[in-house]
Amino acid sequence: MGSKERSTVIVGNWKMHKTIDETVEFIKQLMPRIKESTAKIYLAVPFTVISAAADEAKGSNIVIGAQNMNDATEGAFTGEIAGKMVVDAGAKFVILGHSERRRYFNETDEFINRKVKRALADGLEAILCIGETAEEREADETENVLKKQLTTGLEGISKEQAVKVSVAYEPVWAIGTSKIATPEIAQEAHAFIRKMLSEIWDSEIADRIVIQYGGSVKPEYVKELIEKPDIDGFLVGGASLSLESFVAIVNNSV
Ligand code: PGA
């Protein structure tokens, strides 16, 4: 445990931000700034810019992905997007179960699990987001919540498929609030998540799974966090929208 043989993965989650022009400009400027980085750099962009982003990032070390998808392959689901459609547009990964999807769009662990299965079947890497609310932490429910979200979210995923999964620990109270988890709190949660992963699969697989921290990540916090044995990278919302702060997060993480 904690050998840190795992890659450092920095994921920018743009949420509902950026047009095609803004995306192309951002990636053009980002590429030369991070081309020497040993970190894996992922951008989870809106559906409408996946194709332009993937074209622009071709041949670079930037990997483009989606922020959500439906669990069906196709059908009468007005407004929804299938995994094979985001693959077709150039996505290599998808974020699933983000707390904003859980909260505003009533996504359940069971629905998220079906999406994880579909994403992997469609050839995407899946980043499963989990995290407790402030009330749950105060009620000492953090571990129960994480355990439920993990075990249901990953139900039926084989050991062979596990290599395509990563987990983002995003305490809901830290997302968009400027209230970042302390390195100790984050490490404690990450170690618990890794222990759960070894129960779901085995310890060898659990040791290979990347666990990112997310929630108010800023350049000045990442050094201390990444030193912790079970923190392997970051899922960055607000600070991924500005080139300077995103580059600083990448540089301070490796
Ligand atoms: P934040 O968002 O960095 O703006 O807190 C993180 C996330 O929601 O993934």
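Our structure is the block above this text.
All values reported here derive from a predicted model rather than from experimental measurement.

**Q** Mind laying out the overall build of the chain, listing which residues take part and the relevant values?
**A** Across its full length, the chain carries twelve helices and eight strands. In terms of overall dimensions, the chain is globule-like: its C-alpha atoms have a radius of gyration of 17 Å, near the 18 Å expected for 254 residues. Overall size of the chain, expressed as C-alpha extent along the three principal axes, is 45 × 45 × 35 Å. The proportion of buried residues among the 254 residues of the chain is 52%.

**Q** Let's hear about the sheet that holds strand 7 (residues 211-214): which residues, and what values?
**A** Strand-to-strand pairing in sheets goes through backbone hydrogen bonds, with the strands running parallel or antiparallel. Reading around the barrel, the eight strands line up as 1-2-3-4-5-6-7-8 and close back on themselves, with parallel pairing between neighbours. Each strand of the sheet is rotated relative to its neighbour by a mean of 25 degrees, with strand direction disregarded. Sheet analysis places strand 2 (residues 40-44) next to strand 3 (residues 62-66), joined by four bridges and oriented parallel. From the neighbouring strand, tyrosine 42 faces strand 3, where its bridge partner is valine 63. Running over the sheet, helix 12 (residues 243-253) touches strand 1 (9-13), strand 2 and strand 8 (233-236) and is turned about 165 degrees from strand 1.

**Q** So what about the site of the ligand? Which residues, and what values?
**A** Lys15, His98, Glu170, Gly176 and Ser216 are the nearest of the 14 residues found near the ligand. At a separation of 2.7 Å, an oxygen atom of the ligand approaches a polar side-chain atom of histidine 98. In this structure, an oxygen atom belonging to the ligand sits 2.7 Å away from a side-chain N or O atom of glutamate 170. When the ligand sits alone it has 290 Å² of accessible area, and the protein chains cover 95% of it. In terms of residue class, the shell around the ligand is built from five nonpolar, seven polar and two charged.

**Q** Give me the pairing of strand 7: which residues, what numbers.
**A** Every second residue of strand 7 is oriented toward a common face, with Ile211 and Tyr213 on one face and Gln212 and Gly214 on the other, all of them buried. In this structure, strand 6 (residues 165-169) lies alongside strand 7, joined through three bridges in parallel fashion. The residue of strand 7 that forms the bridge with alanine 168 is glutamine 212. The pairing of strand 7 with strand 8 spans three bridges and is parallel. Across the sheet, glycine 214 pairs through a bridge with leucine 235, a residue of strand 8.

**Q** Pulling in residues and values, what's your account of the side chain of asparagine 113?
**A** With respect to the helices, strands and loops of the structure, asparagine 113 is situated in helix 5 (residues 109-121). Among the polar contacts made by the side chain of asparagine 113, one reaches the main-chain carbonyl oxygen of glutamate 155 at a distance of 2.9 Å. Excluding residues within four positions of it along the chain, asparagine 113 makes contact with Thr152, Gly153, Leu154 and Glu155.

**Q** Lay out helix 2 (residues 50-57) with the relevant residues and their values.
**A** Here helix 2 has its buried residues at Ile50, Ala52, Ala53, Ala54 and Ala57. Against the buried residues of helix 2 lie helix 1 (20-34), strand 3 and helix 3 (83-89). Note on helix 2: the residue one or two positions beyond its end, glycine 59, has a positive phi of about 80 degrees.

**Q** I'd like to hear about the pattern of salt bridges, residue by residue, with values.
**A** The final tally for this structure, using the stated rule, is 17 salt bridges. For lysine 15, the salt bridge goes to glutamate 100, with nearest N and O atoms at 2.7 Å. You can see lysine 15 sitting in the loop between strand 1 and helix 1 and its partner glutamate 100 sitting in helix 4 (residues 99-104), a full 85 residues away along the chain. Put simply, aspartate 71 and arginine 114 hold a salt bridge, and the shortest N to O gap is 2.8 Å. Pair noted here: aspartate 71 is in the loop between strand 3 and helix 3 and arginine 114 is in helix 5, with a separation of 43 residues, a long-range link. Given the relative accessible area of 17%, aspartate 71 is considered buried. What makes arginine 114 partly exposed here is its relative accessible area of 43%. Salt bridges here are not isolated pairs; linked through shared partners, they connect Arg6, Arg194, Asp230 and Asp232.

The rules behind each value
Along each chain, the written sequence defines residue order, and numbers are assigned to residues from 1. Thresholds applied to this predicted model are a pLDDT of at least 70 for local features of residues and 80 or more for the giving and counting of side-chain atom pairs; totals over whole chains, interfaces and linings are not thresholded and use all residues. The basis for every side-chain value is the complete set of heavy atoms in the structure, and neither hydrogens nor water enter the calculation. Think of it this way: any DSSP run of H or I at least four residues long counts as a helix, any run of E at least two long counts as a strand, and we number them from the N terminus. Put simply, the radius of gyration uses C-alpha atoms, and a globule should come to 2.2 Å times the residue count raised to 0.38. Residue burial is assigned from relative accessible area. The probe radius is 1.4 Å, only protein chains are included, and a residue is buried under 20% of its type maximum, exposed over 50%, and partly exposed in between. When DSSP locates at least two bridges between a pair of strands, those strands are taken to pair. Axes, fitted as lines to C-alpha atoms, cover a helix only where it is in contact. Angles between the N-to-C directions of the axes lie from 0 to 180 degrees. Contact between two residues is taken to exist if any of their heavy atoms lie within 4.5 Å; hydrogens are not considered. Note on definitions. A residue lies near a molecule or strand when any single heavy atom of the residue is within 4 Å of it. A 3.5 Å cut-off defines polar contacts: any pair of N or O atoms within that distance qualifies, except that in protein one atom must be a possible hydrogen donor and the other a possible acceptor, and neighbouring residues in sequence count only when both atoms are side-chain atoms. Accessible surface area values rest on a Shrake-Rupley calculation with a 1.4 Å probe, where residue burial reflects the displayed protein chains alone. Ten residues, namely Ala, Val, Leu, Ile, Met, Phe, Trp, Tyr, Cys and Pro, are considered nonpolar, four, namely Asp, Glu, Lys and Arg, are considered charged, and the remaining ones, Gly among them, are considered polar. Here, a salt bridge means any Lys or Arg side-chain nitrogen found within 4 Å of an Asp or Glu carboxyl oxygen.

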